[in-house]
Amino acid sequence: MRSTDNFTMPDNLKHLIDKLTDTRQLTKDEWIRLITGRTPDLAEYLFTLARIEQQRHYGHGVYIRGLIEFTNYCKNDCLYCGIRRSNSRARRYRLSEEDILSCCKTGYELGFRTFVLQGGEDAYYTDEKMVRLITHIKGLYPDCAVTLSIGEKSFDSYRRFFDAGADRYLLRHETHNPEHYSHLHPPSLTASARQECLWNLKEIGYQVGTGFMVGSPCQTPEHLAEDMLFIKELNPQMVGIGPFISHHDTPFASWESGSLELTLFMLGLLRLMLPKVLLPATTALGTIHPKGRELGILAGANVVMPNLSPAGVRKDYLLYDNKICTGDEAAECRKHLEERMESIGYHVVTARGDSLNL
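Rules used in this analysis
- Residues numbered from 1 in each chain as written.
- Predicted model: local features only at pLDDT ≥ 70, side-chain atom pairs only at ≥ 80, totals over all residues.
- Heavy atoms only, no water.
- Helix = DSSP H or I, 4+ residues; strand = E, 2+ residues; numbered from the N terminus.
- Buried < 20%, exposed > 50% of the residue type's maximum accessible area, 1.4 Å probe, protein only.
- Pairing = 2+ DSSP bridges.
- Contact = heavy atoms within 4.5 Å.
- Axes fitted to C-alpha atoms, helices over the stretch in contact; angles between N-to-C directions.
- Phe/Tyr/Trp six-rings, centres within 6.5 Å; stacked < 30°, edge-to-face > 60°.
- Salt bridge = Lys/Arg side-chain N within 4 Å of Asp/Glu carboxyl O.
- Parallel < 35°, antiparallel > 145°, perpendicular 65-115°, else oblique.
- Left-handed = near helix turned anticlockwise from the far one by under 90°.
- Nonpolar A, V, L, I, M, F, W, Y, C, P; charged D, E, K, R; others polar.

Caption draft 1: Seen up close, unusual backbone geometry. Notably, R24 is not glycine yet its phi reads approximately 65°, a positive angle. Here R24 is to be found in the loop between α1 (11-23) and α2 (28-36). Unlike most non-glycine residues, N235 shows phi in positive territory, near 55°. Taking the relative accessible area as the measure of exposure, N235 reaches 23% and is therefore partly exposed.

Caption draft 2: The sheet that holds strand β8 (residues 207-210), seen in detail. Within the open sheet, the 6 strands sit side by side as β4-β5-β6-β7-β8-β10. Their pairing is parallel. In the strand order of this sheet, the two ends are held by β4 (66-71) and β10 (238-239), each with one partner.

Caption draft 3: Focus on the sheet that holds strand β3 (residues 61-64). Overall, parallel pairing links the 3 strands, which are arranged β12-β3-β13 in an open sheet. On the outer flanks of this sheet lie β12 (303-304) and β13 (347-349), each paired with one strand and no other. Across 3 bridges, β3 lies against β13 in parallel orientation. Counted as the bridge partner of V62 is V348 from β13. Together, β3, β12 and β13 form the strand contacts of helix α14 (residues 334-342), whose direction differs from that of β13 by roughly 130°.

Caption draft 4: Structural view of the packing of aromatic side chains. This structure, assessed with the given rule, holds 10 aromatic pairs. Taking the centre distance of 6.5 Å and the plane angle of 90° together, the rings of W199 and F230 count as edge-to-face. With W199 in helix α8 (residues 191-204) and F230 in helix α9 (residues 221-234), this residue pair connects regions lying 31 residues apart in the sequence. W199 sits in the partly exposed class, given a relative accessible area of 34%. A relative accessible area of 3% places F230 in the buried class.

Caption draft 5: Looking closely at the pattern of salt bridges. Going through the model one piece at a time under the given rule, you end up with 24 salt bridges. The partner of D18 in a salt bridge is K14, and the shortest N-O contact between them spans 3.3 Å. With D18 and K14 both in helix α1, this residue pair falls 4 residues apart, about one helical turn. On the basis of relative accessible area, D18 is assigned to the partly exposed category, the value being 22%.

Caption draft 6: A look at the packing of α2 against α9. Closest axis-to-axis distance for the α2/α9 pair is 9 Å, and the angle between their directions is 125°. When the interaxial angle is binned, α2 and α9 end up oblique. As α2 runs across α9, the sense of the crossing is right-handed. Contact with α2, carried on its side by K28, W31, I32, I35 and T36, involves P221, E222, L224, A225, E226, M228 and L229 of α9 and no other residues of that element. Among the residues making up the contact of α2 with α9, the classes are represented as 8 nonpolar, 1 polar and 3 charged.

This is the structure in structure tokens:
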């Protein structure tokens, strides 16, 4: 057993990280042991190996994505979400196609080559409207990737968006465990339906992103272990995780937020399990710690998603409390973002940045 700075790193847990590095997988019991037994010393060992993998495949580059939060209307009533249907205090908005294209124009001029269209499940944006929008963006910016993050749709809808030119789709599975999923969502939503959507997206040919909240209400290490096993099986191109942060107008308003420490540890584990995956340092990380995104990069992440949405609506896309909406989160502050990445030995990359995890 090695001791450093009053912390210990049990040899059996170090062995599990070494096993993960060598084989890219662990059993459910091993995942649980590693997550529950983590120490600061073990985390530093993990992050060192994670950076080696990160830099082997992506160098010191950090990809930037232009996030456009184009609607905060949502038909769903997820218990943790600030834009849930029953939140009558949310100030709702929708961007027009002209607004969205203006965001893309600004982003393109700033060097962005991926646009992420994210919104609630809003029936106003029919398949026809989405197809027209995607076609228009790809026509204007054929060298750019279009990523969608608009929730659960039918196989046919996903196919239509893909045929129109959408390249990627982000859909967090949130939690693989059915009982835990039901604790966070209304009865109309199920873990199996969410997972079926992800398999459909893979079948169609999207670059697929999934992910989960760390520290969500009633989450256990066993749930996290199941998440890791599911992600390994799905083998997505992107994995987005971030700490759970409560919203004051939801049933989980008083629930404690997920920890920075555990989120960073899970990022490192994901990098070792899927070395070529695209791994964002999320806005939620930047919300719970001033240098959260930098710490995420140093734990193995390699993507950041600045906000291209009009300044007037950024504060209204409030999934959780205290979300950073100005300053570095504004895409116009790209220079500051570059400086922050350079301060930790990385640099911003403006290319499309397709995943190497095929």
